[in-house]
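Each chain, letter by letter, is given below.
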Amino acid sequence: VGHCHPDVVQAAHEQNQLLNTNSRYLHDNLVDYAERLSKTLPEKLCIFYFLNSGSEANDLALRLARQYTKHEDVIVLDHAYHGHLTSLIDISPYKFRNLEGQKEWVHVAPVPDTYRGLYREDHEDSVTAYANEVKNIIEQAQKRNRKIAAFFVESLPSVGGQIIPPAGYFQKAAEHVHKAGGVFVADEIQVGFGRVGKHFWAFQLQGEDFIPDIVTMGKPIGNGHPIGCVVTTKEIAEAFAATGVEYFNTFGGNPVSCATGLAVLDVIEKEHLQAHANEVGNFLMKLLKEQKIKHPIIGDVRGSGLFIGVDLIKDQAK
């Protein structure tokens, strides 16, 4: 919502003068914030955990998935990055390939890129073909007696090249994952909160019939203030709570963070920033496509709202 937005700064400042404590001490801001966020999400996603960062959010999502499914293995997309914690470096091909390599419980699926990926725009059914890659990974894993806990996907792969997955891919991939007893985790840390313009959440670009099992949030949620969030279903949350080991985070969900988050949502709504992202994004895409006609080095221009990728190439044929 812009650097040091006065409304956000004021909300944090005012709450800081009153009370800031950990979430063992109940405070209205925590409940109010969860309620406000819930209005942007499908009804099924109704249990909220607040944390300090996107990395913490993805780490908790991994714990939730494993506790709920009683499985260990994770499928991720190639080139993905999900955070800086050890557990997340392990599921981030973008990082682990330069470090200790791929763990046996991690499986890497091809990015659903219809421009330069395995199955392109001229493919008769790229959606099914990319989803079948996930299915094949699951089948190969099961032959080795491995069980899938989760498919972790950035709703729009960003580090992987600002990719827009073809609509329907998540539904078909999720079908295979669910059949294997796993859950679908949508990482919205870089792409959520109205950035895509048409929708508040990037996973909604896949269609109204698609609902992830877990959604993770970070970065824009606090406009620079350290807040993260995991939202999931009652079933998954109850399985997690059944261990008797409660989830506790000293700073996650503190009154100042929640006041900040509420102010961010207020500004997005008041200043019509989702519609603004759509309008400015469409304008930028139009100009970039005009440049593509003039310059052969621009191979592809793609995007939604203010999530935009420009692919620079050496050879049109490749």
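Residues numbered from 1 in each chain as written. Predicted model: local features only at pLDDT ≥ 70, side-chain atom pairs only at ≥ 80, totals over all residues. Heavy atoms only, no water.

- Going by an unreviewed UniProt entry, the protein carries the name AT2L2 lyase and comes from Heliornis fulica.
- Reading the Sequence similarities (unreviewed entry) entry of the UniProt record for the protein gives the comment "Belongs to the class-III pyridoxal-phosphate-dependent aminotransferase family." (UniProt positions renumbered as here; feature names shortened; annotations may be inferred.)

Digging into the domain arrangement of the protein
Here is step 1: For the protein, the assigned domains are domain 1 (6-271) and domain 2 (276-312).
Here is step 2: Distance between the C-alpha centres of domain 1 and domain 2: 26 Å.
Here is step 3: Facing 16 residues of domain 1, the contacting portion of domain 2 comprises 14 residues.
Here is step 4: Contact between domain 1 and domain 2 buries roughly 1,200 Å² in total, counting both sides, with carbon and sulfur atoms accounting for 55%.
Here is step 5: Among the residues of domain 1 in contact with domain 2, Tyr 115, Gln 162 and Arg 195 are the three that bury the most area, contributing 44% of the side total. (Domains from an automatic or database assignment. Contact = heavy atoms within 4.5 Å. Buried area = accessible area lost by both parts, 1.4 Å probe.)

Observations regarding the pattern of salt bridges
When charged atoms on two side chains of opposite charge get close, those side chains can pair.
Here is step 1: For the structure shown, the criterion picks out 15 salt bridges.
Here is step 2: Between Arg 146 and Asp 73 there is a salt bridge; the shortest N-O distance is 2.7 Å. Of this pair, Arg 146 sits in the loop between helix H6 (126-143) and strand S4 (148-154) while Asp 73 sits in strand S2 (residues 73-77); the two residues are 73 residues apart in sequence, bridging distant segments of the chain.
Here is step 3: A relative accessible area of 1% places Asp 73 in the buried class.
Here is step 4: A salt bridge links Lys 286 to Glu 290, with the nearest nitrogen and oxygen atoms 3.2 Å apart. Taken as a pair, Lys 286 and Glu 290 lie in helix H10 (residues 273-294) at a separation of four residues, close to a single helical turn.
Here is step 5: Three or more residues are tied together by salt bridges with common partners; here these are Glu 72, Asp 73, Glu 104 and Arg 146. (Salt bridge = Lys/Arg side-chain N within 4 Å of Asp/Glu carboxyl O. Helix = DSSP H or I, 4+ residues; strand = E, 2+ residues; numbered from the N terminus. Buried < 20%, exposed > 50% of the residue type's maximum accessible area, 1.4 Å probe, protein only.)

Topic: helix H7 (residues 169-179)
Here is step 1: Within H7 the residues assigned to the buried category are Tyr 169, Phe 170, Gln 171, Ala 173, Ala 174, His 176 and Val 177.
Here is step 2: Those residues of H7 hidden inside the fold are in contact with S2, H6, S4 and strand S5 (183-187).
Here is step 3: Positive phi shows up at Gly 181, right after H7, with a value of about 85°.

Some words on the environment of Lys 270
Here is step 1: Within the secondary structure, Lys 270 sits in helix H9 (residues 255-270).
Here is step 2: At 2.4 Å, the side chain of Lys 270 and the side chain of Asp 7 are in polar contact. (Polar contact = N/O pair within 3.5 Å; in protein donor to acceptor, adjacent residues only side chain to side chain.)

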